Amino acid sequence: MTDTQSNRVDVLNISDLSVSFHTERGMVRALRNISFTIPDRRIVGLVGESGCGKSTLINSILNLLAENAHIVSGVIDFEGQDILKMTPDQLRAVRGNRISVVFQDPMTSLNPVLSIERQMIDIQYRDHLNKSEKVARAGRMLNRVGIPDPENRLSNYLHQFSGGMRQRIAIAMALMANPALLIADEPTTALDATLEAQIIQRLRKLQSDLECSILFVSHHLGLVADFCDNVVVMYAGEMVESGTVRDIFHRPTHPYTRALLECDPARIKIKTRHLPMIPGSIPDLLHLPQRCIFINRCQESEKECRAGSPKLMEIAPGHFVSCHLCAGEGV
Amino acid sequence: MPTEKRVPKLTAAPGFRTLFIPLFRDPLALIGLILVALIVFSAVLAPHIVPYDPNKLNVHYRLQAPSGDHLLGTDQLGRDVFSRTIMGSRIALKVALISISIASALGLLLGLLAGYGPKWLDNLLIVFFDTVRSFPTVMFALAVVTLLGPSLETVILIVIVTSIPVYARMVRTQAQSMKNNEFILAERAMGAGTPRILWFHMLPNVVGPLLIIASMDIPVVVTIEAGLSFLGLGVRPPTPSWGTILNDGYSFIRNTPWLVIAGGAPLILTTLGFTFLGEALRDIFDPKLRKVM
Amino acid sequence: MWIYLLKRIGLAAIIVVIAVSMLFTMIHMVPGDPLSVLLGPRATPELKAALAERMGLDKPFAVQLVTFFLNVLRGDLGIDVFSERSVAIIVFEQLPFTMVLIIFAITWSVALGIPLGCYSAIHRNSFLDKLTGIFSVGTIAVPSFVVAIYSLLIFAVALKWLPAIGAGKEGNLLSQLEHLVLPALAVGLGWVGYIARLVRASMLEVLGENHIRTARAFGLPERSIIYSYALRLAILPTVALLGVGIGNMLSGAVFAEIVFARPGIGKLIYDAVITRNYPVVMGSVIVTTVLFVICTTIADLVAAALDPRIRENL
């Protein structure tokens, strides 16, 4: 898809992705009809509760799903090819090279028994540089993410760094190959607020320097509003709303989005003993009824909501919602 | 004196259904169960089910192959091997029962002391445990036999001494991890004394894993007894132990294979049976114990 | 690393000291006078007098203990009552035979056990995995001396494929290897199972960890992930286990040497026990215990070298 006006090619285009898992108890339909795009050089935020399918989505983009996963339908278009149909060799050319990931907890997601240098050299295995060149490149990258005295610290091990530094190392590793897309899976959730701010600032600068896109998964709505350009809201395996940050935060349309924003503690202006929350819990993904997924927690549901799953509709340019109640507002 | 409330178990004790259903589903566990039942029955009922007196000599019929009369043949003194084998199960289980009971009791005590008591005591006991475990088992056994002379009691003593460190260490680990458990801290804050805490809280949670480890130790103990008896350093003749039968068989291995088979087969069946069953039980009750054994 | 090294070696030294003291104390706890205990009923008055002087029996216990220690450190483990040779020399003459047996046993059990465990982890629930599982439990359970006797019966006596007795002709490598097969089989068989199970469990645990997922997300080749990343970590418990394994194999070796009438420490100590040759028994126990402690220490040091996290812990 090309946007001829600004000459940008979308980095990633997910269409109608549905993934299920075979389990002892039956087929768990983890993702259903997910469609969104990550435009070039844009930061897309992915928002949703635990269990909404974010991890499955990330694993799908990398095609690193578990053995019992079944890709029911969908295409993930990346640089002209469908990731879901790539061969293992093609996938290895993409992972860590064109698409990188920074995971949530750097203490467990990086290798604890190999030195940082070794890990950073290993991921450059595709490049035809000699060892000292690879080491130098690693050192430069560490410098870029703000690790002091990088040449000497390369020989250290993970446990010798603080939490914030570890995450910087993870970011350095992810961005070293200058990927087109960086997936950041709640990169600051394990860090305190000051560290979070520093990391985000760093990421912002890196993103603009390297001109990559970022898929930023987070719970922290304020952070998403601040950092991201576009937002995708997920609920229980479905995409319920997506659009620009303005669309989502100023004109939230789907009842879930609205409820989420209302529940954000940062929005509370008046002292209260009662923290708002969304009553109920996410539905059982084993036995999905043929109706709107959010119905049992929605304050505004109507008769038609029981009729079937709503379709994704564009209610304003670039602003998509999946809700029966918005049917009349189509473009 | 307030009425005792029921102590909440910190580890779940499985009920009947959680225990038996997985047990029956696992083919190895079933085999283990059958074998163990077989051995236990034969040990308990031995004097009543042996077809012949195990010590009855009949030199005219020495070293016979198995026949209708003698299911496993006869040994070099004409004794019925089948009867001796069955009696042997008595010795094996007797040694196992006595030594493991005493060793677990002592191990429990020392382990609780080490885990819950003061640090200096813990360090002392740890060094003691590590030292005993630094002797290769057979070497230690031979040294003790040299000093005390071979006998059943010596075997039992050896088994007890070498088993205590293993049990004690396990109990110690459990006690240590529970020592700082919030429940225990709360009890202490309410003024509960150490003996009470040890008896009502530590003990119930430690006994379970200890029992599992102890029962998985049975094949090891049976092996030690048989091994020492095989060397002629354990049970004194004419008492029939599988080890002594094996020894006889070894001496006459070129004459007949049946003695060796008769001595070895029950050993294999017993160790396999208890191991299969023990592993299955361990996996049901507390799979984390895989790290200990 | 060096601090850990020193601490670990220090600990080992303490254990050796206490172990030897325990042995010494055991001798004295036995009823009867220590001279008869140590020298047995065959001791001549001259030998007794000589030993009494060396041990300083009239001096307090603590002094005797220290004297004993100093003697051991000097390499003086006493005199063999029968041949009147130094016990130390006798023991060290026999040690190489046992070491060769143990090394062979470890080598083949590791060579078979690690790949089996690795394969089982990677191809979980496959037929070979299940087979390996049953085989492992089975061989761990069965006592090694039973394996020794049965293999003697089957392969040496019945089928006559391999020799039954001895260590083979001096200088003839093939003959010696031939004589090693069955004993090494007996000693190592249980360990194949142990190692395979341990490697399988460790590999599965490591393969489930987050950093392996990251390695895959970075597109590292699967081979590299399994061998350089996963196996390297999964091997650790095995390394530590092998240290203990040597002590266990020593026990197995004792039986193997007796069953196959091989020369070695096992046969030496067994004959000594039968003939009540106390100095040889004690000397053998001391030497093998020290050896065992050395092996476990080395195993722990290797593990610490492989996993930097261990070094922080002692």
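Quick caveat, the model's predicted, so the values are computed rather than measured.

Engineer: Would you mind going over the overall build of chain A in detail, with residue names and values included?
Structural biologist: Broken down by element type, chain A carries eleven helices and 14 strands. Against the 2.2 N^0.38 benchmark of 20 Å for 331 residues, chain A shows a C-alpha radius of gyration of 21 Å, consistent with a compact globule. Dimensions along the principal axes, computed over C-alpha positions, put chain A at roughly 65 × 50 × 50 Å. Taken across its 331 residues, chain A has 41% of its residues classed as buried. A sequence separation of at least 24 residues applies to 62% of the contacts in chain A between residues at least 6 apart.

Engineer: I'd like a rundown of the overall build of chain C, residues and numbers included.
Structural biologist: Within chain C, the secondary structure is distributed over 13 helices and zero strands. Its C-alpha atoms put chain C at 80 × 55 × 35 Å along the principal axes. Within chain C, contacts between residues at least 6 apart in sequence are counted, and of these 71% link residues at least 24 apart.

Engineer: Lay out the nonpolar core in plain terms, naming residues and giving numbers.
Structural biologist: Note on soluble globular proteins: their nonpolar side chains tend to be buried together. Counting 254 residues, the largest nonpolar core has Phe-216 of chain A, Tyr-167 of chain B together with Ile-149 of chain C as the members making the most contacts within it. Once residues within four sequence positions are removed from consideration, Tyr-167 of chain B is found in contact with Ala-103, Ser-104, Gly-107, Leu-108, Gly-111, Leu-210, Ile-213 and Ala-214 of chain B.

Engineer: For the packing of helix α10 (residues 222-259) of chain C against helix α11 (residues 265-274) of chain C, give the residues involved together with the corresponding values.
Structural biologist: Residues and elements named next belong to chain C. Interaxial distance between α10 and α11 falls to 7 Å at its minimum, and their mutual angle equals 80°. One finds that α10 runs roughly perpendicular with respect to α11. From α10, Ala-253, Val-254, Glu-257 and Ile-258 reach across to α11, where they touch Gly-266, Lys-267, Ile-269 and Tyr-270. Grouping the amino acids of the contact of α10 with α11 by side-chain chemistry returns five nonpolar, one polar and two charged.

Engineer: Which residues make up the packing of helix α5 (residues 87-122) of chain C against α11 of chain C, and what values go with them?
Structural biologist: Geometrically, a packed helix pair is captured by the angle between its two axes and the distance between the axes. All names here are of chain C. Running from N to C, α5 and α11 cross one another at 130°; their axes reach a closest spacing of 7 Å. In terms of their interaxial angle, α5 and α11 are classed as oblique. For the pair α5 and α11, contact is made by Val-91, Gln-94, Leu-95 and Thr-98 and by Ile-265, Gly-266 and Leu-268, respectively. Partitioned by chemical class, the residues of the contact of α5 with α11 number four nonpolar, three polar and no charged.

Engineer: Can you break down the pairing of strand β12 (residues 238-244) of chain A residue by residue, with the values?
Structural biologist: Within a regular strand, side chains alternate between the sheet's two faces. Residues and elements named next belong to chain A. With six of seven residues buried, β12 lies mostly within the body of the structure. A loop of two residues connects strand β11 (residues 230-235) with β12, the two strands running antiparallel in sequence, and Ala-236 in this loop sits at a positive phi of about 45°. Bridge count between β12 and strand β14 (residues 319-321): two bridges; the pairing is antiparallel. Within the sheet, the bridge partner assigned to Glu-241 lies in β14 and is Val-321.

Engineer: Report on the sheet that holds strand β4 (residues 26-38) of chain A, specifying residues and quantitative values.
Structural biologist: Residues and elements named next belong to chain A. Read from one edge of the open sheet, four strands run β4-β3-β6-β7, paired in antiparallel fashion. Strand pairing shows two members of the sheet lacking a second neighbour, β4 and β7 (81-82), which therefore form its edges. Relative to strand β6 (residues 69-78), strand β3 (residues 12-23) is paired through eight bridges, and the arrangement is antiparallel. Among the inter-strand pairings, Ser-15 is bridged to a residue of β6, identified as Val-75. Of the strands in this sheet, β3, β4 and β6 are in contact with helix α1 (residues 54-62), which crosses β4 at around 70°.

Engineer: I'd like to hear about helix α4 (residues 119-134) of chain B, residue by residue, with values.
Structural biologist: When the terminal C-alpha atoms of α4 of chain B are compared, their 22 Å separation across 16 residues agrees well with the 22 Å that a helix rising 1.5 Å per residue should span. Residues of α4 of chain B that are buried include every one of Leu-125, Phe-129, Thr-131, Val-132, Arg-133 and Ser-134 of chain B, and no others. Elements in contact with the buried residues of α4 of chain B: α3 (81-116) and α6 (152-179) of chain B together with α1 (2-29) and α12 (278-306) of chain C.

Engineer: Mind laying out the interface of chain C and chain B, listing which residues take part and the relevant values?
Structural biologist: Contacts between the two partners involve 43 residues from chain C, matched on the other side by 37 residues from chain B. Where the side of chain C that touches chain B is concerned, the elements lending two or more residues are α1, α6 (127-141), α7 (144-158), α10, α11 and α12 of chain C.

Engineer: Quick one: what's the story with the interface of chain C and chain A, residue by residue and with numbers?
Structural biologist: The interface is formed by 15 residues belonging to chain C together with 20 residues belonging to chain A. Among the elements of the structure, α9 (210-217), α10 and α13 (308-311) of chain C are those that each provide at least two residues to the side of chain C that touches chain A. Counting residues per element, the side of chain C that touches chain A draws most heavily on α9 of chain C, at five residues. For the side of chain C that touches chain A, the class distribution of residues is seven nonpolar, four polar and four charged.

Engineer: Mind laying out the sheet that holds β12 of chain A, listing which residues take part and the relevant values?
Structural biologist: Residue and element names in this part refer to chain A. If you walk across this open sheet you meet the eight strands as β8-β9-β10-β5-β11-β12-β14-β13, and the pairing is mixed. Edge positions in the sheet fall to β8 (99-102) and β13 (313-316), since each of these pairs with one other strand and no more. Each neighbouring strand pair of the sheet contributes to a mean axis angle of 20°, computed without reference to strand direction. Examined bridge by bridge, strand β9 (residues 181-185) and strand β10 (residues 213-218) share five bridges and lie parallel to one another. Looking at β10, one finds that Ile-183 is bridged to Leu-215.

Engineer: Give me the confidence of the model for chain C: which residues, what numbers.
Structural biologist: Averaged over every residue, the pLDDT of chain C is 83; the share at 70 or more is 91%. What the predictor reports for the complex is a pTM of 0.80 with an ipTM of 0.84.

Engineer: Tell me about the arrangement of the chains, and please be specific about residues and values.
Structural biologist: Across the two pairs of chains in contact, the largest number of contacts is found between chains B and C. Between chain A and chain B there is no contact, and the shortest C-alpha to C-alpha distance separating them is 16 Å.

Engineer: So what about the environment of Ile-31 of chain B? Which residues, and what values?
Structural biologist: In this fold, Ile-31 of chain B is placed in helix α2 (residues 27-49). Using a count of 16 C-beta atoms within 10 Å as the deciding quantity, one classes Ile-31 of chain B as partly exposed.

Engineer: Which residues make up the pairing of β8 of chain A, and what values go with them?
Structural biologist: Residues and elements named next belong to chain A. Burial of the side chains of β8 extends over both faces: Ile-99 and Val-101 are buried on one face and Ser-100 and Val-102 on the other. Across four bridges, β8 lies against β9 in parallel orientation. Paired with Ile-99 across the two strands is Leu-181, which belongs to β9.

Engineer: Got a sec to walk through unusual backbone geometry? Specific residues and values, please.
Structural biologist: All names here are of chain A. Even without being glycine, Asn-33 reaches a positive phi, approximately 55°. Note that Asn-33 resides in strand β4. Its 18 C-beta neighbours within 10 Å are what place Asn-33 among the partly exposed residues.

Engineer: Just give me the short version of the environment of Val-206 of chain C, but keep the residues and values in it.
Structural biologist: All names here are of chain C. Along the chain, the position of Val-206 falls in helix α8 (residues 173-207). Here Val-206 falls in the buried class, since 20 other C-beta atoms lie within 10 Å of it. Taking the C-alpha atoms as reference points, Val-206 and Arg-232, 26 residues apart in sequence, are found 9.7 Å from one another. The contact partners of Val-206, leaving out residues within four places of it in the chain, are Ile-212, Ala-230, Leu-233 and Ala-234.

About the cut-offs
Residues numbered from 1 in each chain as written. Chains lettered and ligands numbered in written order. Predicted model: local features only at pLDDT ≥ 70, side-chain atom pairs only at ≥ 80, totals over all residues. Helix = DSSP H or I, 4+ residues; strand = E, 2+ residues; numbered from the N terminus. Rg over C-alpha atoms; globule rule 2.2 N^0.38 Å. Buried ≥ 20, exposed ≤ 12 C-beta atoms within 10 Å, placed from the backbone. Contact = placed C-beta atoms within 7 Å. Core = buried A, V, L, I, M, F, W, Y, C linked by C-beta atoms within 7 Å. Axes fitted to C-alpha atoms, helices over the stretch in contact; angles between N-to-C directions. Parallel < 35°, antiparallel > 145°, perpendicular 65-115°, else oblique. Nonpolar A, V, L, I, M, F, W, Y, C, P; charged D, E, K, R; others polar. Pairing = 2+ DSSP bridges. Expected span 1.5 Å × (residues − 1). pLDDT = per-residue confidence, 0-100.

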